Amino acid sequence: MAAVRHRQVEANGISMHVAEAGPEDASSPAVLFVHGFPELWYSWRHQMGYLAARGYRCVAPDLRGYGGTTAPPEPSSYTAFHIVGDLVALLDALRLPQVPTRLHSPKLPRKLLGMLELMFVLALWMQVFVVGHDWGAIVSWNLCLLRPDRVRALVNLSVAFMPRRRGVKPLEYFRAAYGDDYYVCRFQEPGVEAEFTTFDLKSFFKLALTVRTVGSSSMNLRKMRAYKKEIKLPSWLSEEDVSYLASVYAKTGFAGGINYYRCLDLNWELMAPWTGAKVQVPTKFIVGDGDLSYHLPGVKSYVHKGGLKRDVPMLEEVVVIKGAGHFIQQERAQEISEHIYDYIKKFETGVSTLQVSKL
């Protein structure tokens, strides 16, 4: 891991804990990492070290409700607009730059070129590369949908874009597919977060991160509590990693992360104006073939038979990693780091020159 700097940043009316690695100078290209549930900035430790060593400024916040970031008590404070608003405000607060573009054309007056140059500067100013996983992927899809002007390119892991469907609310979909005992449905119950207090948190995270389940067995708290077998950690997860997560969640609890699930139907209602809207950002999507989200009904067909490309027209790559599970950026840390770097390095981050022939 690269040396990680920690600080609190005031953004969108909350205090956000932000971990950073890599150069601090204003000319360095920036990568915003967005984590999922039940995770923290820490899930990106490997990618931060890899990209920081290659000159990228890496920024990984604890999202609203997680870790060292403010956790409002009301579930309605966790809508897509709140979370995207947090990230946009964070970009503003950190003043993450994008180097301007210079235009060249022997046929246009210098004054006009200067005006066009200014337009490009405004268009590119403070754009970042975005990398998301799990709920962080959902947040990142929404960030690109609502504010594509702030994103240079997107690499999303595990969770494909889920376009809003008229007449089908998310909870109706999950109940029809898996029943009321499915964790997404159970998380709607008031006070369900208290059940996590009955767990030994180290055991919980060992189970959550390493035991692969699909369908109705996913994140089943009753089954997880009854699990008595010894869990041998894989090579990619250490006791230190588990202890860090357990120590943070012991202080904060799980209510913040669960509130994202409680906003699923509310998000569906609020996002009505974006029904049919496309994600217009250059994109790479990566998923493990053992990922529970890859096995949701209809997802494989959507990803591979044109649906994802239809809704994300600038989708350039889809990578399915054989044998990989859900927490792919930790399980296959080196491979994922290389995939991210190989994609974002294609985008010129220095001062570029565009040839303009005529208006």
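Structure shown above.
What comes next is a walk through the structure. From a predicted model like this one, the values you see are computed outputs, not experimental measurements. All chains use their own residue numbering, which begins from 1 and follows the written sequence. At least 70 in pLDDT is required for a residue's local features to be given in this predicted model, at least 80 for side-chain atom pairs to be given and counted, and no such filter applies to totals for whole chains, interfaces and linings, which use all residues. Hydrogens and waters are ignored; side-chain quantities use all the structure's heavy atoms.

**Structural notes on the overall build of the chain**
The helix count covers DSSP runs of H or I at least four residues long, the strand count covers runs of E at least two residues long, and both are numbered beginning at the N terminus. Each helix and strand in the chain was counted, giving 15 helices and ten strands. We call a residue buried when its accessible area falls under 20% of the maximum for its residue type, exposed when it is over 50%, and partly exposed in between, using a 1.4 Å probe and counting protein chains only. By residue count, 55% of the 359 residues in the chain fall in the buried class. Long-range pairs, those at least 24 residues apart, make up 77% of the contacts in the chain with a sequence separation of at least 6. A 1.4 Å probe and the Shrake-Rupley method give the accessible areas. Residues count as covered only by the protein chains that appear here. Carbon together with sulfur atoms contributes 55% to the accessible area of the chain, which is approximately 15600 Å² in total. Note on contacts: a residue pair is in contact if any heavy atoms of the two residues lie within 4.5 Å.

**Brief notes about the sheet that holds strand β7 (residues 151-157)**
Sheets are built from strands paired through backbone hydrogen bonds, the pairs being either parallel or antiparallel. Taking strand neighbours across the sheet as the criterion, the eight strands line up as β1-β2-β4-β3-β6-β7-β8-β9 in an open arrangement whose pairing is mixed. Both outer strands of the open sheet, β1 (5-11) and β9 (315-321), are each paired with one neighbouring strand and no more. Strand-to-strand twist in this sheet, taken as the mean axis angle between neighbours without regard to direction, amounts to 20 degrees. Strands qualify as paired when DSSP identifies two bridges or more between them. To get an axis, fit a line to the C-alpha atoms, keeping to the stretch in contact for a helix; angles then go from 0 to 180 degrees between the N-to-C directions.

**As for the nonpolar core**
As used here, the term nonpolar core means buried Ala, Val, Leu, Ile, Met, Phe, Trp, Tyr and Cys residues forming a set that is joined through side-chain atoms within 4.5 Å. Of all hydrophobic cores here, the largest spans 117 residues; its most connected members are Leu 32, Phe 187 and Phe 204. With nine residues, helix α4 (residues 135-146) is the single largest residue contributor to this core. The residues contacting Phe 187, other than those within four sequence positions of it, are Phe 37, Val 192, Phe 196, Met 219, Leu 221, Ile 258, Tyr 261 and Arg 262.

**Section: helix α2 (residues 80-94)**
With 15 residues, α2 extends 21 Å between its outermost C-alpha atoms, agreeing within 8% with the 21 Å of an ideal straight helix rising 1.5 Å per residue. Residues Ala 80, Ile 83, Val 84, Asp 86, Leu 87, Val 88, Ala 89, Leu 90, Leu 91 and Leu 94 constitute the buried set of α2. Just beyond α2, the residue with positive phi is Arg 95, at close to 50 degrees. An expected span of 1.5 Å times one less than the residue number is assigned to each helix.

**Details of the layout of surface pockets**
Grid spacing is 1 Å over the protein atoms alone, the probe is 1.4 Å, and a cavity is where that probe fits but cannot get out, while a pocket is an open set with protein on both sides within 12 Å along at least five of seven lines and lining residues have an atom within 4 Å of a point. Grid points are joined across faces, edges and corners, and a volume is the space filled by probe spheres set on the points. Here the second largest pocket is characterised by a volume of approximately 180 Å³. For the second largest pocket, the lining is made up of 13 residues, of which Ser 203, Leu 207, Met 224, Arg 225 and Tyr 227 are closest to its centre. With four residues, helix α7 (residues 201-210) is the single largest residue contributor to the lining of the second largest pocket. Residue composition of the lining of the second largest pocket, by class: six nonpolar, one polar and six charged. Residues were grouped as follows: Ala, Val, Leu, Ile, Met, Phe, Trp, Tyr, Cys and Pro as nonpolar; Asp, Glu, Lys and Arg as charged; and all remaining residues, including Gly, as polar.

**Comments concerning empty space enclosed by the protein**
If you walk through the whole model with that rule in mind, you get four cavities of 30 Å³ or more. For the largest cavity, the full set of lining residues is Tyr 78, Thr 79, Ala 80, Ile 83, Val 84, Trp 135, Ile 138, Val 139, Asn 142, Tyr 260 and Asn 267. Elements represented by at least two residues in the lining of the largest cavity include exactly α2 and α4. With four residues, the single largest contributor to the lining of the largest cavity is α4. Of the residues that constitute the lining of the largest cavity, the class distribution is eight nonpolar, three polar and no charged.

**Examining the packing of aromatic side chains**
Any aromatic ring pair is given by two values, namely how distant the centres are and how the planes are angled relative to each other. In this scheme Phe, Tyr and Trp rings, the latter by its six-membered ring, pair at centre separations within 6.5 Å, and the angle between planes marks the pair as stacked below 30 degrees, edge-to-face above 60, and tilted otherwise. In this structure the tally under the stated criterion is 35 aromatic pairs. Centre to centre, the rings of Phe 37 and Tyr 261 are 5.6 Å apart; their planes meet at 80 degrees, and the pair counts as edge-to-face. Note that Phe 37 is positioned in the loop between β3 (30-34) and α1 (45-52) and Tyr 261 in helix α10 (residues 255-262), a separation of 224 residues in sequence. Residues Phe 37 and Tyr 261 agree in their burial class; the two are buried. A centroid spacing of 4.0 Å and a plane angle of 10 degrees characterise the contact between Phe 196 and Phe 254, whose relative ring orientation is stacked. In this pair, Phe 196 is assigned in the loop between α6 (183-186) and α7 and Phe 254 in the loop between α9 (239-252) and α10, connecting sequence segments 58 residues apart. Pair check on accessibility: Phe 196 and Phe 254 agree, each one buried.

**A closer look at the pairing of strand β2 (residues 14-21)**
When a strand is regular, its side chains alternate between the sheet's two faces. Counting buried positions along β2 gives eight out of eight residues, so the element sits mostly inside the fold. Of the two faces of β2, the one carrying Ile 14, Met 16, Val 18 and Glu 20 and the one carrying Ser 15, His 17, Ala 19 and Ala 21 are both buried. Bridge count for β1 against β2 is seven bridges, and the pairing is antiparallel. Paired with His 6 across the bridge in β2 is Ala 19. Counting the residues between successive antiparallel strands, the hairpin from β1 to β2 contains two residues, one of them, Asn 12, with a positive phi of roughly 55 degrees. In this structure, β2 lies alongside strand β4 (residues 57-61), joined through four bridges in antiparallel fashion. Across the sheet, Ala 21 pairs through a bridge with Cys 58, a residue of β4.

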